[in-house]
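The residues making up each chain are set out below.
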Amino acid sequence: MLTAISMSAIATNGVVPAGGAYFMISRSLGPEFGGAVGLCFYLGTTFASAMYILGAIEIFLKYLVPQAAVFHSADHLGRDSALLNNMRLYGTLCLSLMAVVVFVGVKYVNKLASLFLACVIISIVSIYAGAIKSMTHPPEFPICMLGNRTLVRDGFDVCAKTVIMGNITVPSQLWNRFCVGGNLSSTEQCDDYFIQNNVTEIQGIPGLGSGIIRENMWSNYLPKGEILEKAGLQSVDVHRPIENFINYVSADIATSFTLLVGIFFPSATGIMAGSNRSGDLRDAQKSIPVGTILAITTTSLVYLSSVVLFGSCLEGVVLRDKFGNAVQQNLVVGTLSWPSPWVIVIGSFFSTVGAGLQSLTGAPRLLQAIAKDNIIPFLRVFGHGKANGEPTWALLLTGLIAELGILIASLDMVAPILSMFFLMCYLFVNLACAVQTLLRTPNWRPRFKYYHWALSFLGMSMCLALMFISSWYYAIVAMGIAGMIYKYIEYQGAEKEWGDGIRGLSLSAARYALLRLEAGPPHTKNWRPQLLVLLKLDEDLHVKYPRMLTFASQLKAGKGLTIIGSVIKGNFLESYGEMQAAEQAIKNMMEIERVKGFCQVVVAAKVREGIAHLIQSCGMGGMKHNTVVMGWPYGWRQSEDPRAWKTFINTVRCTTAAHLALMVPKNVSFYPSNHERFTDGNIDVWWIVHDGGMLMLLPFLLKQHKVWRKCKMRIFTVAQMDDNSIQMKKDLATFLYQLRIEAEVEVVEMHDSDISAYTYERTLMMEQRSQMLRQMRLSSAERQREAQLVKDRHSLVRMGSLYSDEEEDVMEVPPEKVQMTWTREKCEAERRNRNNAPENFRELMSLKPDQSNVRRMHTAVKLNEVIVNRSHDARLVLLNMPGPPRDTDGDENCILCDFYQQHPMRFQ
């Protein structure tokens, strides 16, 4: 009833086409939940049709036409096997006939449904009439008892130990079942319990006025094999193992409340029959709530009143005699009913046949609705049917699956898994209603007003509890099947946007989480790199360096925040379409490289401004990036555009100003793909500036990925002459131990050596070039010519230094005394350019470099030599970058690019 209330609310919140429960769940909870639960519900409905057909065949072979059995056997075990084979044979024939009826058309099923309903109503009325009649004239229904034990009524007619034939008392047929030999005077070879207890006969249907309900009021669950006993009958216990066990009626299975719920629950699963055929209803929004709730009310009253009537009219041992062994396998309910047992037999037969037809009608339509939504690609073929929409292919598959259930040929084996599938469907119908109600989405306006989220949650909780109460292992199997279908749809199914409640729930959860993150900065324990990856696109809007995304993918492994950003130069109004194309290209590349994150492309008049905007504005609330990843500016020396290195320097400054970490992958094109596996090698970390644990954290995160998992980690730190190298190594090893990072520690000692001529001239060239560009206001072409002149001049000086024995002497050689190997024409051109240059340019030629800059360049060059020497065979080298210059004005910042150039942060 709780599920019906939830279903009524969903059904009246819009049009419900074919699909019924599947349509409601999928549009409320999304295609993944809808497909998973819909398929499980389809399987449950299909197996339910097999269960109903097996029930019909059991009635047919046991009560209607027993002589129709094809397979026969004399022994007990053989009879069971023959019965199963007969049920398989006739079940297959019945299924084929029903499938033909459904194939012909649903209108014939509807006509037969009225006939079946009439038979069911008549049979139910006959049960009430028989119960009332039993108050005054209970039917004759004897049960033979030995002591308080119930005997199997098979092989004897008289319920007595002896019978009188003429004037002679002779052993009865019952005596011969418990004693060896027919001598009444010799009881040594008789069953002790048989000898010491009396044989009595009681009425199996004492009637409504007998007061038997007092004995039947309380539960009496039995283990498997326990003999059915009647409380109140005198019995003498015999402390010996039970002999002649086959003569007693015993429990065929271990009964419990949970087990019986699982077996009984399929009788209450018909509430979805109307919703399964929602596509055939004239007004589904009106018919589903009214029809379903009235049907549940009616059937609940019938079930509950029948339970009370049976408990008031029948003996407990008869109620627990599953196969009717104590009553010669007569139909107990048929005996109770009035005017004839045949009313019940025929009514039960048509009831099961009608239920089977309804299941065979609804299940294919459910499968067709799932196939038409195209959320499961391999089911697409079952969306087709006849011209009038009848699901032909879906009916064929349904028939084949139902045949599997018939081949099992056991109701008790089929029923529990059916209960799981139906309960799972009911659970998600309740969940869908509760989610929609709590989210208060604007589209949630059901016409059915008698619902509440608390009722839906109560129904959902009861469904989940019943699943595990009835059979926990079947529940796990059913949930496992649904989980696999869910994952399959998530990864292979078509993308659908139905405005489902799960998406709304995700938005609400995201908003709540963002507000919680806003409460304060993250603790250091929770800190991880949240990346903003700056990508460069080519003229065709393709990602220029895809390995940047590979690096982000392996560093993050799906954890934390990753934002992929790019800048398109231009005007937003004119470049909007280009921006969308760029976003799609980046998203496609993110999918290829398995990067889980977000994409943001901005349009700006200058690339530098766009990057600054990304650094400032990406993210939301507490979910913002703390690390910027940008590529190395390749070819900045050869570029005629000074913006090639200015953009890089400006990004470094913006990142520093925003107090963010910066990672610059160099030679990223050599970075391994996600499909490669390193079986050995090292990740070298050069911890030059002790910046905390950031540099240590990066290789640890990379090693979580399968590409780097087998690589070893080495930590290098640099010591000066006056440092204690041994103590530094111990301190660093302790620091790594506290960080729980396994790595090999090495201390590299750098000696103060003389500054090389190359370093001196390199620094001098950069300073002179910056000074020249600052003092001269030349055109772009002149600037390029003068800069090249400075380069050429210093190239000569550097060549001289390479062939000199004393570097100091070379550094003091005046420009006029340099032995040049130029051609005459080039030499004349050089003299003319010198004579035409301004006076301040001549002063530049005699400029002495700043000693601090020389020292910095010297350190970079020496460090580069050490790193290349020690880490030339490493898979990956990580090291600190120097900070940007303090002076933000002028063109001399390109000196920084030279400093960076000396740092081999590269992937090998």
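Residues numbered from 1 in each chain as written. Predicted model: local features only at pLDDT ≥ 70, side-chain atom pairs only at ≥ 80, totals over all residues. Heavy atoms only, no water.

Asks: Tell me what's going on with the nonpolar core, and back it up with residues and numbers.
Replies: Judged by nonpolar contacts, the single largest core of 70 residues is most densely connected at Leu-39, Met-272, Ile-376, Leu-379, Cys-425, Tyr-426 and Phe-428. Per-element tally for this core: the top contributor is helix α16 (residues 411-439), with 18 residues. Leu-535, Ile-586, Val-685 and Met-694 belong to the second largest nonpolar core, which has 47 residues in total. (Core = buried A, V, L, I, M, F, W, Y, C linked by side-chain atoms within 4.5 Å. Buried < 20%, exposed > 50% of the residue type's maximum accessible area, 1.4 Å probe, protein only. Helix = DSSP H or I, 4+ residues; strand = E, 2+ residues; numbered from the N terminus.)

Asks: So what's going on with the packing of helix α3 (residues 31-64) against helix α14 (residues 341-372)? Residues and values would help.
Replies: For the pair α3 and α14, the least separation of the axes is 8 Å and the interaxial angle reads 160°. In terms of axis orientation, α3 runs roughly antiparallel to α14. Crossing of α3 against α14: the hand is left-handed. (Axes fitted to C-alpha atoms, helices over the stretch in contact; angles between N-to-C directions. Parallel < 35°, antiparallel > 145°, perpendicular 65-115°, else oblique. Left-handed = near helix turned anticlockwise from the far one by under 90°.)

Asks: Give a description of unusual backbone geometry that names residues and reports values.
Replies: At the junction of Trp-338 and Pro-339, the peptide bond is cis and its omega measures out at 15° in the coordinates. Along the chain, Pro-339 turns up in the loop between α13 (332-336) and α14. Not every positive phi belongs to a glycine, and Gln-328 is a case in point at roughly 60°. Judged by relative accessible area, which is 47%, Gln-328 ranks as partly exposed.

Asks: So what's going on with the packing of aromatic side chains? Which residues, and what values?
Replies: Across all of its chains, the model carries 25 aromatic pairs by this definition. Ring centres 6.5 Å apart and planes at 35° place the aromatic pair Phe-422 and Tyr-426 in the tilted group. Linking Phe-422 with Tyr-426, this pair stays in helix α16, spanning four residues, or about one helical turn. By relative accessible area, Phe-422 is classed as buried at 3%. For Tyr-426, a relative accessible area of 3% gives the class buried. Within the aromatic cluster, the residues linked to one another by ring pairs are Phe-60, Tyr-90, Phe-116, Phe-349 and Phe-350. Note that Lys-666 overlies the ring of Trp-632, its terminal NZ or CZ placed 5.0 Å from the centroid. (Phe/Tyr/Trp six-rings, centres within 6.5 Å; stacked < 30°, edge-to-face > 60°. Lys NZ or Arg CZ within 6 Å of the ring centre and 35° of its normal.)

Asks: Quick one: what's the story with the pattern of salt bridges, residue by residue and with numbers?
Replies: A full pass over the atoms with the stated rule returns 11 salt bridges. One salt bridge in this structure joins Glu-215 and Lys-230, with 3.1 Å as the shortest N-O distance. Residue Glu-215 is found in helix α8 (residues 213-216), and its partner Lys-230 is found in the loop between α8 and α9 (257-264); the two are separated by 15 residues along the sequence. Close ionic contact of Glu-390 with Arg-365 constitutes a salt bridge, the shortest N to O distance being 2.8 Å. (Salt bridge = Lys/Arg side-chain N within 4 Å of Asp/Glu carboxyl O.)

Asks: Explain the state of the cysteines to me, and be specific about the residues and the numbers.
Replies: Under the criterion given, the structure shown has two disulfides. Here Cys-144 connects covalently by a disulfide to Cys-159, the sulfurs 2.0 Å from one another. Between Cys-144 and Cys-159 the disulfide shows an S-S torsion of about 85°. By sign, it is right-handed. Of this pair, Cys-144 sits in strand β1 (residues 142-146) while Cys-159 sits in the loop between β2 (149-150) and β3 (162-165), and the two are 15 residues apart along the sequence. Using a relative accessible area of 0% as the deciding quantity, one classes Cys-144 as buried. Residue class for Cys-159 comes out buried when judged on its relative accessible area of 14%. A sulfur-sulfur distance of 1.9 Å marks the disulfide that ties Cys-179 to Cys-190. (Disulfide = S-S within 2.5 Å.)

Asks: Can you explain the packing of α3 against helix α15 (residues 392-408)? Please cite residues and give values.
Replies: Here α3 crosses α15 at 55°, and the two axes come no closer than 8 Å. As far as their axial angle goes, α15 and α3 are oblique. Classified by chirality, the crossing of α15 by α3 is right-handed. Contact residues: α3 offers Tyr-42, Leu-43, Thr-46, Phe-47, Ser-49, Ala-50, Ile-53 and Leu-54, while α15 offers Ala-394, Leu-397, Thr-398, Ile-401, Ala-402, Gly-405 and Ile-406. Taken together, the residues of the contact of α3 with α15 break down into 11 nonpolar, four polar and no charged. (Contact = heavy atoms within 4.5 Å. Nonpolar A, V, L, I, M, F, W, Y, C, P; charged D, E, K, R; others polar.)

Asks: So, the sheet that holds strand β8 (residues 598-604): which residues are in play, and what are the values?
Replies: Judged by pairing direction, the sheet is parallel, and its five strands sit side by side in the order β8-β7-β6-β9-β10 without closing on themselves. Across the chains shown, the open sheet's two edge strands, defined by having one partner strand only, are β8 and β10 (661-663). Sheet twist, expressed as the average angle between the axes of neighbouring strands with direction ignored, equals 25°. Alignment of strand β6 (residues 531-535) against strand β9 (residues 627-630), held across four bridges, turns out to be parallel. (Pairing = 2+ DSSP bridges.)

Asks: Tell me what's going on with the side chain of Asn-197, and back it up with residues and numbers.
Replies: Structurally, Asn-197 is set in the loop between α7 (192-196) and β5 (199-203). Setting aside anything within four residues of it in sequence, one finds Asn-197 in contact with Leu-146, Gly-147, Lys-161, Gln-234, Ser-235 and Val-236.

Asks: Can you tell me about a nonpolar patch on the surface, naming the residues and giving the values?
Replies: Together, Leu-464, Phe-468, Trp-472, Tyr-473, Ile-476 and Met-479 line one region of the surface with nonpolar side chains, adding up to about 610 Å² of accessible area. In this fold, Ile-476 is placed in helix α18 (residues 472-492). Look at Ile-476 and you get partly exposed, because its relative accessible area is 47%. (Patch = residues over 30% accessible without salt bridge, like charges linked within 9 Å, V, L, I, M, F, W, Y side chains within 5 Å. Areas by Shrake-Rupley, 256 points an atom, 1.4 Å probe, with all protein chains shown as cover.)

Asks: I'd like a rundown of empty space enclosed by the protein, residues and numbers included.
Replies: Inspection of every chain in the model, using the stated rule, returns four cavities of 30 Å³ or more. Put simply, the largest cavity is a space of about 90 Å³. Its residues placed into classes, the lining of the largest cavity shows five nonpolar, no polar and five charged. (1 Å grid on protein atoms, 1.4 Å probe; cavity = no way out; pocket = protein on both sides within 12 Å on 5 of 7 lines; lining within 4 Å. Points joined across faces, edges and corners; volume = space filled by probe spheres on them.)

Asks: Break down the sheet that holds β1 for me, with residues and values.
Replies: Read across the sheet, three strands follow the order β2-β1-β5 without closing on themselves; strand pairing throughout is antiparallel. This sheet does not close on itself; its edge strands, each paired only once, are β2 and β5. Inspection of the sheet shows β1 paired to β2 by two bridges, in the antiparallel sense. Residue Leu-146 lies in a different strand from β2, and its bridge partner there is Arg-149.

Asks: Got a sec to walk through helix α24 (residues 694-702)? Specific residues and values, please.
Replies: Where burial is concerned, most of α24 is hidden: seven out of the nine residues are buried. Listed as buried for α24 are Met-694, Leu-695, Met-696, Leu-698, Pro-699, Leu-701 and Leu-702.

Asks: Can you break down a positive patch on the surface residue by residue, with the values?
Replies: A cluster of basic side chains, namely Arg-594, Arg-677, Lys-706 and Arg-709, defines a positive patch on the protein surface. For Lys-706, the position within the fold is in the loop between α24 and β12 (712-719). (Lys, Arg positive; Asp, Glu negative; His and termini not counted. Charge placed at Lys NZ, Arg CZ, Asp CG, Glu CD.)

Asks: An account of the environment of Leu-360 is requested, with residue identities and associated values reported.
Replies: Mapping Leu-360 onto the fold places it in helix α14. Separated by 257 residues in the primary sequence, Leu-360 and Phe-103 place their C-alpha atoms 9.8 Å from one another.

Asks: Describe the environment of Val-70, and please don't skip the residues or the numbers.
Replies: Within the element layout of this structure, Val-70 appears in the loop between α3 and α4 (76-104). Looking at Val-70, the relative accessible area reads 46%, which means it is partly exposed. Val-70 has contacts with Asn-86, Leu-89 and Tyr-90, leaving out every residue within four places of it along the chain.

Asks: Any chance you could break down the side chain of Thr-647 for me, citing the residues and the numbers?
Replies: Along the chain, the position of Thr-647 falls in helix α23 (residues 643-657). Beyond its immediate sequence surroundings of up to four residues, Thr-647 is in contact with Val-607, Arg-608 and Ile-611.

Asks: Lay out the pairing of β6 with the relevant residues and their values.
Replies: Within a regular strand, the side chains alternate between the two sheet faces. Buried residues dominate β6, accounting for five of its five residues. Across the two faces of β6 the burial is the same, with Leu-531, Val-533 and Leu-535 and Leu-532 and Leu-534 all buried. Both β6 and strand β7 (residues 562-569) contribute to a ladder of five bridges, which runs parallel. If you follow Leu-535 over to β7, its bridge partner there is Ser-566.

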